[in-house]
Amino acid sequence: MKTKAIRQGTPHPSGLDRTDRILLRLLAERADRSYAELSALVHLSPPAVHERVKRLRRDGVIQGTVARLDGRKIGCPLLAFIHVTTEGWGMTKPVLELKALADVEEIHTVTGDTCLILKVRSSGPESLEDLLSRIQEIKGVRSTQSYVALGTYLERGPMPEVPERLSDGDD
């Protein structure tokens, strides 16, 4: 009995309460939900939900709201991941300038056999080849290795876990 009370009162390591995490999950699934819809789902008033969402934006937990586009329908059906090996960590800055290109969706510095991983979406093999050529021209880039995605079964941003609430009947 005493341990159950302690576990129930323990805050989540992120500092977010259960309602915050449920709201974030609902918004991550569909960001166009109205405050009225969200309020019904979390059992709070629309103004209370609005204040929570405003706080989550202010605190940088919600960093923006974007539309997910279908690459095929906008003429960019080829999804690839490019591993970039450079002469050292100092070469990251010139590669980061690639963020100005529409084909480049994500740039990650990583550990392991490569220095950076780019997620790119292009109109076809020729466009990907042009991008690879452009990357290879950056002084300090040693090599690239490309992986073309054949299919995508899950693509989403981070999803907060929602801890189970313990009921009085739990042991």
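Refer to the structure printed above.
Residues numbered from 1 in each chain as written. Predicted model: local features only at pLDDT ≥ 70, side-chain atom pairs only at ≥ 80, totals over all residues. Heavy atoms only, no water.

Notes on the layout of surface pockets
To find leftover empty space, one rolls a probe the size of a water molecule over the atoms. Formally: Grid points spaced at 1 Å over the protein atoms alone were grouped into cavities, where a 1.4 Å probe fits but cannot get out, and pockets, open sets with protein on both sides within 12 Å along at least five of seven lines, with lining residues defined by an atom within 4 Å of a point. Grid points are joined across faces, edges and corners, and a volume is the space filled by probe spheres set on the points. Elements are defined by DSSP. Helices are runs of H or I of four residues or more, strands are runs of E of two residues or more, and each kind is numbered from the N terminus.
Its boundaries defined by the atoms lining it, the largest pocket holds a volume of some 1,800 Å³. Taken together, 49 residues form the lining of the largest pocket, with Val66, Arg68, Glu155, Arg156 and Gly157 sitting closest to its centre. A total of five residues in the lining of the largest pocket trace back to one element, the largest contributor, which is helix α2 (residues 18-29).

Quick word on unusual backbone geometry
Our working definition: Categorising residues by exposure relies on relative accessible area from a 1.4 Å probe, with only protein chains included: less than 20% of the type maximum marks a residue as buried, more than 50% marks it as exposed, and the intermediate range marks it as partly exposed.
In this structure, histidine 43 takes a positive phi of about 60 degrees despite not being glycine. With respect to the helices and strands, the residue histidine 43 is situated in the loop between α3 (35-42) and α4 (46-58). The class of histidine 43 is exposed, set by a relative accessible area of 71%.

Details of the pairing of strand β3 (residues 116-122)
In plain terms, the rule: One requirement defines pairing of two strands: DSSP has to find at least two bridges between them.
In terms of residue burial, β3 counts as a mostly covered element, since six of its seven residues are buried. Looking at chain direction, strand β2 (residues 104-109) and β3 are connected through five bridges and run antiparallel. In the sheet register, histidine 108 faces β3, and the bridge partner there is isoleucine 117. Counting the residues that bridge the hairpin from β2 to β3 gives six residues, and of these glycine 112 lies at a positive phi of roughly 115 degrees.

What about the side chain of lysine 119?
If you trace the backbone, lysine 119 turns up in strand β3. Taking the relative accessible area as the measure of exposure, lysine 119 reaches 8% and is therefore buried.

Points about the nonpolar core
Our working definition: Put simply, buried Ala, Val, Leu, Ile, Met, Phe, Trp, Tyr and Cys residues joined by side-chain atoms within 4.5 Å make one nonpolar core. Any pair of residues with heavy atoms lying within 4.5 Å of one another is described as a contacting pair.
Within the largest apolar cluster, 18 residues are counted, with the highest numbers of intra-cluster contacts made by Ile82, Val84, Val95, Leu98, Leu118, Val120 and Ile135. Residue assignment for this core shows that the elements contributing at least two residues are β1 (78-86), β3 and α6 (125-136). Filtering out sequence-adjacent residues up to four positions away, isoleucine 82 remains in contact with Leu116, Ile117, Leu118, Val120, Leu128, Leu131, Leu132, Ile135, Thr144, Gln145 and Ser146. Counting eleven residues, the second largest nonpolar core, distinct from the first, contains Leu24, Leu26, Leu27 and Val42.

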